[in-house]
Amino acid sequence: MQTLEYEFIAHPRILYGDCSLEEIPAELAENDACKPLVIASREAVRRKLGKTLIRAFYDSGCIIGGIYDEVRDYAGISLALNAAQLFRKRGCDAFIALGDRAAADIARAANILVSHKTDTLLPFFNGETPSRRLMPFIFVPTCCTGASAAGRTLFIDNRRLHSDYYFPDVVVTDRRMSLPCSARCAAESAILAMDNALWSIIDDNQSPMKNAFAHAALKLIGDNLSGFLKRPRDGKRALPIANAGVLASIAAANARPGIVRVLGEELEKETSIPAAVFIANLTPAALFCIQKNESPLPGDLLLAAAGMDAYAAVPTEQLGRRGAEAIIEMFESAANEIPEAAISRIPAHLLAEACNNAASREMVNFGADDAMAVLEMARQEMPWQTHDNGERK
Amino acid sequence: MNIDRYPEIRPGKKVFKKAYAFVVLLVVGRGIEAADRVDGEVKDIVRGLPEGFTFSLGVAPSGPWMVIRKEKSGKLRYLGWRRFGKTIELDMAIRNIEAAFRIFTFRESTAQAHNNGRFSVNGNLPNALAIMRIMDIAEIYLLPKIIATLAVKRYPDRRELPPGRKHFNRLRIYLRAFSPGLFRVVYRNL
Amino acid sequence: MKKEIIGTSNKVLEVDLAARRFWVSEIPVGDRELYLGGKGMGLKLLFDRLKPGIDPLGKDNILVLTMGVLMGTGAPCSGRFEAVTKSPLTGIMVTGSCGGPFGMALKTSGWDAMVIHGKADEPVFVCVDSGGATFADAAGIWGTGTAAAQDTLLAHGSGAMVIGQAGENLVRYANIRSGSRFLGRGGIGTVMGSKNLKGIVAKGREYKIRPADKKRFDRANKRFLAHINNNPVTAGSWRSYGTNANIRISNAAGILPVRNFTAGSHGQAVKISGETMAEKFDTRHDVCKPCAILCGHRGTIRGEKRHIPEYETVTLLGSNLGIFDPEIISDFNELCAEYGMDTISTGGTIAWAMEAAEKGLIESDLRFGSDEGIAETITDIAFRRGQGAMLADGSRMASKTYGGEDFAMHVKGMELPGYDPRGAFGQGLSYATANRGGCHLSAYMVGVEAMFGMADPHALRWKPYMVKFMEDIFSAVNSLHICLFTAFAVFLEPPLIRFTPTFIIRHLNQNFSLLALNLMDASLWPELWHAVVGKRYIPYLGMRGFYKAGERAHVLERYMNIREGIAKKDDTLPRRLLDEGRTCDHEAKTVPLDSMLKTYYRLRGYDENGIPREKTLEKLGIGKQTK
Ligand code: SF4
């Protein structure tokens with residue numbers, strides 16, 4: 001019998017469902033905190049989510065140290081330094097990030113600064129990891145891509161720092177907060193969640209816990225995606241997708257970063273087009289490349305997206321292919337909401353640069369040539385797009 | 001950076017919800033005391049509790065609460081809503097007022113609320129489960145069936161609790177709950 | 001006797017560096033009417049030849065040099081030529097204007113434009129005369145600074161343009177020197193470096209350029225000169241103090257960049273003002289030829305005759321780094337001139353590095369307010385040594401790698417010049433929409449808003465229209481091609497404006513901009529153009545045509561940028577300008593860009609993503625083949 005060796009960490013407590021926002025004071029109390037500083041994205045405050053959060057603190061006995069609402073789409077050290085300064089001056093003892101990835105990252109960075117009593121992240125940029133537990137950190141993802149930031153990566157000033165200490169202590173997905181602001185946001189959040197789930201399943205470290213998280217995420221997405229894309233602000237659909245985003249990001253935190261995600265991020269850096277656009281474009285190509293290299297796809301897990309019936313109806317030898325088809329179909333339906341047809345319009349030298357940068361990222365297990373092969377494939381018509389009889393879908 | 005742009009926020013109070021929870025806890029507290037004197041099953045459960053056992057149920061962190069103690073006489077006594085100066089052996093708290101309001105407006109049964117992690121319990125777990133059962137029985141008597149089915153884990157069928165006995169006990173419990181003893185408790189807690 | 005060109009020769013010298021050959025092509029008459037010359041013509045020549053998506057530092061990039069029809073006619077401030085290429089700094093089109101002698105030499109060698117293709121195997125320089133181009137080995141001057149290289153090349157002709165070590169080392173904002181003037185922005189020098197082209201020298205003085213309607217030209221020219229000599233800016237402050245006359249104005253208006261755009265004014269600004277420098281350095285004129293405004297100056301600094309740094313240099317290598325000593329700024333300016341590096345981008349990138357170092361993103365001793373290490377950093381950048389290698393790619397690339405994107409003060413990759421738009425919102429919009437990136441010369445709204453007080457700097461009403469109007473005009477002026485500074489004289493001297501009190505102009509302009517701007521008499525420019533090419537026209541109709549030619553060039557450039565992936569996402573400002581207020585403002589002010597951008601797109605005929613609509617392109621005749 002094959003012995004299974006794996007490591008898995010899922011630190012955050014996930015609060016999901018009605019009234020979960022009101023649980024925050026109790027969670028703070030459990031972490032010996034009572035005066036949080038809220039790091040909020042401007043968009044969240046514009047949508048009055050800050051007020052909703054304050055209402056959740058009514059009768060809680062907690063004081064909110066302030067709502068630092070300067071975060072837009074970029075997480076930079078300047079904001080983190082300001083947030084840390086505010087945190088210290090107000091005598092706060094916990095962080096709440098309200099918003100998307102950038103808000104979470106500013107909270108993480110400010111948390112390092114205050115927890116390590118420092119004014120610079122330079123040692124951390126140079127490879128140091130936190131030496132002690134950070135202050136309690138609660139993350140309330142709002143809108144689209146937020147849920148995908150529940151992992152163990154701090155992405156600040158275009159640098160990625162990894163540590164288990166960067167996991168939020170609590171992630172709250174609440175109906176009032178986690179609704180996407182537009183159909184496009186909805187599609188992007190679904191794409192990011194699917195990508196996280198997909199590549200943590202494909203990852204060679206076959207931890208059953210990681211697979212369980214990713215599988216659950218895919219199942220949630222599969223069940224809710226079409227309804228969610230049609231009515232993105234329907235809480236019944238949006239909340240499971242947000243939840244899937246959190247689960248998938250925890251799974252992805254325990255896996256290597258997938259080629260598509262890394263390439264998407266590097267292309268975003270080159271072109272300022274959101275990574276999700278590229279991910280939607282590149283996933284079919286990447287899956288085809290994997291099949292071409294005769295690496296087996298774990299179709300049984302991927303078919304979770306299509307549901308139990310589909311799984312039961314597919315012969316074992318076709319599981320991989322059908323699983324991939326099911327996933328691609330989901331990516332395509334989400335991609336329909338995003339108008340840019342990205343890859344073909346990017347200058348070749350930028351694509352090459354993105355491939356080189358992607359291959360030089362830490363923890364990746366592919367080379368620049370593999371990345372280029374995926375990009376090349378993405379420009380061509382995917383064989384996935386035809387049925388067995390050769391007919392176009 | 002001008003930190004005054006990000007003022008400190010002292011969140012307000014949910015006066016109505018708190019008042020509502022206060023009334024519900026008062027009625028349930030008195031109802032439990034009365035049920036102990038009327039219903040055999042409650043009596044059996046209470047018998048299993050240690051003497052002087054005091055428990056509180058309420059809304060964290062700032063109330064309202066109800067405090068009940070098992071007296072030397074072996075009977076439960078509702079002590080009111082003040083916890084100061086009392087040694088609480090079992091502290092059951094609903095984690096926030098919003099969750100309490102959901103439970104007290106019967107949108108979520110007590111069992112479901114436990115399942116959803118709405119309660120935090122500090123004390124002996126078997127005793128906590130015993131108290132939950134007592135509460136369920138008290139609610140069956142205090143509330144009309146249509147509401148009580150939402151609030152309790154399982155509503156007893158006619159064989160377990162014949163309608164005659166139910167209505168008779170209910171009348172007795174109401175009379176006891178709203179007897180002059182109520183004014184005594186209110187007076188002591190003021 | 002010299003041969004004559006009546007109006008324009010319409011001849012283009014095309015050079016292939018890889019094959020070391022040249023050929024001659026013609027500018028179609030239709031194109032001349034649609035795109036005038038200079039910038040417009042350069043863009044059209046590039047549009048017809050450049051494949052979208054190519055690597056700007058690869059062999060497929062093309063460098064186009066064009067002259068305007070006024071060059072060589074003796075019209076004041078007409079000694080300017082234009083360079084157009086795909087920028088290695090921004091990845092989109094870049095156009096640059098220069099008042100050096102190369103333009104005149106090329107034009108009087110009989111060429112209206114020069115197009116450079118391919119990449120030489122070995123360093124070369126190109127000698128141009130009326131017979132075409134010859135290629136010479138540049139190994140001997142490769143690695144020399146701009147001054148020495150220019151001196152060597154001038155043995156072969158009357159005007160040269162050269163790059164320094166920065167261009168050779170592919171510093172992405174390397175510039176080109178011609179005389180004491182520079183083709184500054186966007187890394188046009190880098191493109192030359194990537195082609196192994198050290199310089200070009202034109203023999204010149206072979207042809208005489210004669211306007212087709214000499215009498216009419218002389219009449220217009222006289223009026224033009226009178227306007228220039230009457231205007232208090234062109235004949236007053238700028239003639240006496242150069243562009244640095246703006247320092248005091250900018251400081252008072254709160255638009256002077258201080259410490260990487262964290263403040264808009266500074267108590268020591270007077271130390272770097274034009275007035276102070278004129279007195280301290282005993283300045284004399286040192287200008288483009290021909291010129292009647294005479295904005296350039298040289299003076300005695302540290303015992304040497306040096307060119308006085310221009311406003312942009314003084315602000316970006318001075319106040320923006322927290323340095324208020326003009327001698328030190330001049331040292332930096334001389335270094336940049338020698339290496340052939342854009343002072344705006346150099347200053348902007350160093351300011352980013354200072355802030356990044358302060359905030360712990362990079363390890364460096366550079367600090368605001370201290371000149372220590374700056375000269376060394378400039379040299380390191382030019383030679384791509386140590387940390388200089390990272391800074392040589394500009395603040396956008398550096399911030400993408402090391403972070404600090406929120407304080408990398410660039411638009412589309414090009415560092416911002418010396419005007420903080422939080423004190424002039426129209427300038428903010430103009431930075432965001434400028435085709436080549438962070439550029440003040442696309443519309444120069446600070447002139448309208450902060451300098452002449454013709455619009456409320458913080459009002460939003462009509463600003464998109466003003467920006468569009470100014471962009472069209474400046475684009476047309478750059479296509480004539482004549483110095484943009486003549487705009488002060490042309491706009492402000494006609495009687496209607498001159499005798500109307502400023503408060504009325506301000507009121508009209510702010511509230512009835514469409515009417516007020518279109519009533520302005522800018523007919524002098526088209527008059528000069530038509531006099532040279534020999535066409536009759538009705539003044540106001542001619543003005544319309546002139547504006548439309550400017551609009552055409554502007555939209556064509558946008559369209560070319562769209563093919564390179566530019567869209568609304570890129571029409572933005574650094575986050576600092578959108579989010580951070582300044583202490584110098586009574587109330588924290590940030591640029592409300594979004595609200596202006598939407599209207600601007602509508603006025604321009606772009607869709608909501610900033611892409612020119614089919615109809616707009618059709619209306620302007622863009623993409624049509626002309627004969
Ligand atoms: S005004 Fe200045 S920039 Fe313009 S042509 Fe004259 S010297 Fe050159």
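Residues numbered from 1 in each chain as written. Chains lettered and ligands numbered in written order. Predicted model: local features only at pLDDT ≥ 70, side-chain atom pairs only at ≥ 80, totals over all residues. Heavy atoms only, no water.

Some details on the overall build of chain C
For step 1, the next point in the chain: Helix and strand content of chain C: 28 helices and 19 strands.
For step 2, the next point in the chain: Rg of the C-alpha trace for chain C: 22 Å, near the compact-globule value of 25 Å for 627 residues, within the 12% margin.
For step 3, the next point in the chain: Projected onto the principal axes, the alpha-carbon positions of chain C cover approximately 60 × 60 × 50 Å.
For step 4, the next point in the chain: A buried classification covers 67% of the 627 residues belonging to chain C.
For step 5, the next point in the chain: For chain C, contacts bridging at least 24 residues in sequence account for 71% of all contacts bridging at least 6.
For step 6, the next point in the chain: A total of about 20400 Å² of accessible surface is found on chain C, and carbon and sulfur atoms cover 53% of it. (Helix = DSSP H or I, 4+ residues; strand = E, 2+ residues; numbered from the N terminus. Rg over C-alpha atoms; globule rule 2.2 N^0.38 Å. Buried < 20%, exposed > 50% of the residue type's maximum accessible area, 1.4 Å probe, protein only. Contact = heavy atoms within 4.5 Å. Areas by Shrake-Rupley, 256 points an atom, 1.4 Å probe, with all protein chains shown as cover.)

Topic: the interface of chain B and chain A
For step 1, the next point in the chain: Every contact between the two is made by 24 residues of chain B and, on the other side, 30 residues of chain A.
For step 2, the next point in the chain: The contact between chain B and chain A buries some 2300 Å² in all, and 53% of this surface belongs to carbon and sulfur atoms.
For step 3, the next point in the chain: Of all residues in chain B, the largest losses of buried area upon contact with chain A belong to Tyr6(B), Ile9(B) and Arg95(B), amounting jointly to 29% of the total for that side.
For step 4, the next point in the chain: Linking chain B to chain A there are six salt bridges.
For step 5, the next point in the chain: Between Glu70(A) and Arg5(B) there is a salt bridge whose closest N-O contact spans 3.2 Å.
For step 6, the next point in the chain: Here chain B and chain A share 16 residue pairs in polar contact (both at pLDDT 80 or more) between them.
For step 7, the next point in the chain: Among the elements that take part in the side of chain B that touches chain A, helix H3 (residues 97-104) of chain B stands out by supplying four residues, more than any other. (Buried area = accessible area lost by both parts, 1.4 Å probe. Salt bridge = Lys/Arg side-chain N within 4 Å of Asp/Glu carboxyl O. Polar contact = N/O pair within 3.5 Å; in protein donor to acceptor, adjacent residues only side chain to side chain.)

Examining a nonpolar patch on the surface
All names here are of chain C.
For step 1, the next point in the chain: On the surface, a nonpolar cluster with roughly 670 Å² of combined accessible area is contributed by Leu496, Phe503, Ile504, Leu508, Phe512, Leu515 and Leu519.
For step 2, the next point in the chain: Elements represented by at least two residues in the nonpolar patch include exactly helix H22 (502-511) and helix H23 (513-519).
For step 3, the next point in the chain: No other element matches the three residues that H22 contributes to the nonpolar patch.
For step 4, the next point in the chain: Tracing the sequence through the fold places Leu519 in helix H23. (Patch = residues over 30% accessible without salt bridge, like charges linked within 9 Å, V, L, I, M, F, W, Y side chains within 5 Å.)

Side note on the environment of Arg172(C)
Residues and elements named next belong to chain C.
For step 1, the next point in the chain: Structurally, Arg172 is set in the loop between helix H5 (165-168) and strand S11 (176-178).
For step 2, the next point in the chain: Taking the C-alpha atoms as reference points, Arg172 and Glu557, 385 residues apart in sequence, are found 20 Å from one another.
For step 3, the next point in the chain: Aside from chain neighbours lying at most four places away, what touches Arg172 is Leu57, Pro88, Leu89, Gly186, Gly187, Thr190, Arg384, Ala392, Asp393 and Met397.
For step 4, the next point in the chain: A polar side-chain atom of Arg172 sits 2.9 Å from the main-chain carbonyl oxygen of Pro88.

Some points on the packing of aromatic side chains
For step 1, the next point in the chain: Under the criterion given, the structure shown has 28 aromatic pairs over all chains.
For step 2, the next point in the chain: Look at Trp462(C) and Tyr465(C): their rings are 5.8 Å apart centre to centre, the planes differ by 85°, and that puts the pair in the edge-to-face class.
For step 3, the next point in the chain: The exposure class assigned to Tyr465(C) is buried, which follows from its relative accessible area of 12%.
For step 4, the next point in the chain: Ring geometry for Trp525(C) and Phe546(C): centres 6.0 Å apart, planes at 35°, overall tilted. Here Trp525(C), found in helix H24 (residues 524-533), pairs with Phe546(C), found in helix H25 (residues 539-563); they are 21 residues apart in sequence, far enough to count as distant.
For step 5, the next point in the chain: Under the relative-accessibility criterion, Trp525(C) is labelled buried at 0%.
For step 6, the next point in the chain: Its relative accessible area of 4% is what places Phe546(C) among the buried residues.
For step 7, the next point in the chain: Cation over ring: Arg159(A) sits above Phe125(A), and NZ or CZ is 4.2 Å from the ring centre.
For step 8, the next point in the chain: Positioned above the aromatic ring of Phe101(B), the side-chain terminus of Lys17(B) is 5.2 Å from the ring centre. (Phe/Tyr/Trp six-rings, centres within 6.5 Å; stacked < 30°, edge-to-face > 60°. Lys NZ or Arg CZ within 6 Å of the ring centre and 35° of its normal.)

Re unusual backbone geometry
Residue and element names in this part refer to chain C.
For step 1, the next point in the chain: With omega at -5°, the peptide bond leading from Lys289 into Pro290 counts as cis.
For step 2, the next point in the chain: Counting through the fold element by element, Pro290 comes out in the loop between strand S15 (284-285) and strand S16 (297-301).
For step 3, the next point in the chain: Residue His481 is bonded to the preceding Leu480 through a cis peptide linkage, with omega at 10°.
For step 4, the next point in the chain: Even without a glycine there, the phi angle at Arg20 is positive, about 50°.
For step 5, the next point in the chain: Inspection of the secondary structure assignment puts Arg20 in the loop between strand S2 (11-16) and strand S3 (21-26).
For step 6, the next point in the chain: Positioned with a positive phi, Leu294 is a non-glycine residue whose angle comes to about 65°.
For step 7, the next point in the chain: Considering the arrangement of structural elements, one finds Leu294 in the loop between S15 and S16.

Describing the domain arrangement of chain C
All names here are of chain C.
For step 1, the next point in the chain: Per the domain assignment, the segments making up chain C are domain 1 (3-210), domain 2 (233-415) and domain 3 (421-620).
For step 2, the next point in the chain: Taken together, the contact pairs 34 residues of domain 1 with 35 residues of domain 2.
For step 3, the next point in the chain: Between domain 1 and domain 2, roughly 2600 Å² of surface is buried when both sides are summed, and carbon and sulfur atoms account for 54% of that area.
For step 4, the next point in the chain: The largest share of the area that domain 1 buries against domain 2 comes from Tyr173, Arg181 and Arg185, three residues that together contribute 29% of it.
For step 5, the next point in the chain: For the pair domain 1 and domain 2, the number of links is three salt bridges.
For step 6, the next point in the chain: Remark: the boundary between domain 1 and domain 2 carries 20 residue pairs in polar contact (both at pLDDT 80 or more).
For step 7, the next point in the chain: Mapped onto the side of domain 1 that touches domain 2, the elements with two or more residues apiece are helix H4 (146-153), H5 and strand S12 (181-183). (Domains from an automatic or database assignment.)

Concerning a positive patch on the surface
Residue and element names in this part refer to chain C.
For step 1, the next point in the chain: On the surface, Lys548, Arg613, Lys615 and Lys619 cluster together into a positively charged patch.
For step 2, the next point in the chain: Its place among the elements puts Arg613 in the loop between helix H27 (593-604) and helix H28 (614-620).
For step 3, the next point in the chain: The class for Arg613 is partly exposed, based on a relative accessible area of 40%. (Lys, Arg positive; Asp, Glu negative; His and termini not counted. Charge placed at Lys NZ, Arg CZ, Asp CG, Glu CD.)

Quick word on the confidence of the model for chain C
For step 1, the next point in the chain: When pLDDT is averaged across chain C, the result is 94; 99% of the residues are at 70 or more.
For step 2, the next point in the chain: Among the scores for the predicted complex, ipTM is 0.85 and pTM is 0.89. (pLDDT = per-residue confidence, 0-100.)

Quick word on helix H14 (residues 319-335) of chain A
Residues and elements named next belong to chain A.
For step 1, the next point in the chain: Helix length check: H14 (17 residues) gives 24 Å between terminal C-alpha atoms against 24 Å at 1.5 Å per residue, within 8%.
For step 2, the next point in the chain: Within H14, twelve of the 17 residues are buried, which leaves it mostly tucked inside the rest of the structure.
For step 3, the next point in the chain: Looking only at H14, the buried set comprises Leu319, Gly320, Gly323, Ala324, Glu325, Ala326, Ile327, Ile328, Met330, Phe331, Ala334 and Ala335. (Expected span 1.5 Å × (residues − 1).)

A word on the side chain of Thr190(C)
Residues and elements named next belong to chain C.
For step 1, the next point in the chain: Inspection of the secondary structure assignment puts Thr190 in helix H6 (residues 188-194).
For step 2, the next point in the chain: Only 2.6 Å separates the side chain of Thr190 from the backbone oxygen of Val171, close enough to count as a polar contact.
For step 3, the next point in the chain: Apart from residues no more than four positions distant in its own chain, Thr190 is found in contact with Leu57, Pro88, Gly167, Leu170, Val171, Arg172, Tyr173 and Ala174.

Details of the pairing of strand S7 (residues 159-162) of chain A
Residues and elements named next belong to chain A.
For step 1, the next point in the chain: Side chains Arg159 and Leu161 of S7 all project onto a buried face; the interleaved residues Arg160 and His162 project onto a face where none is buried.
For step 2, the next point in the chain: Relative to S7, strand S6 (residues 153-156) is paired through four bridges, and the arrangement is antiparallel. Its bridge partner being in S7, Leu154 is matched across the sheet by Leu161.
For step 3, the next point in the chain: What sits between S6 and S7 in their antiparallel hairpin is a turn of two residues, with Asp157 showing a positive phi close to 50°. (Pairing = 2+ DSSP bridges.)

Observations concerning the packing of helix H17 (residues 425-433) of chain C against helix H19 (residues 463-480) of chain C
All names here are of chain C.
For step 1, the next point in the chain: Running from N to C, H17 and H19 point in directions that differ by 55°, and their axes come no closer than 9 Å. In terms of axis orientation, H17 runs oblique to H19. Between H17 and H19 the crossing geometry is right-handed. Counting all contacts with H17, which are made through Gly426, Leu429, Ser430 and Thr433, the residues of H19 involved are Lys463, Pro464, Val467 and Glu471.
For step 2, the next point in the chain: Split into classes, the residues belonging to the contact of H17 with H19 amount to three nonpolar, three polar and two charged. (Axes fitted to C-alpha atoms, helices over the stretch in contact; angles between N-to-C directions. Parallel < 35°, antiparallel > 145°, perpendicular 65-115°, else oblique. Left-handed = near helix turned anticlockwise from the far one by under 90°. Nonpolar A, V, L, I, M, F, W, Y, C, P; charged D, E, K, R; others polar.)

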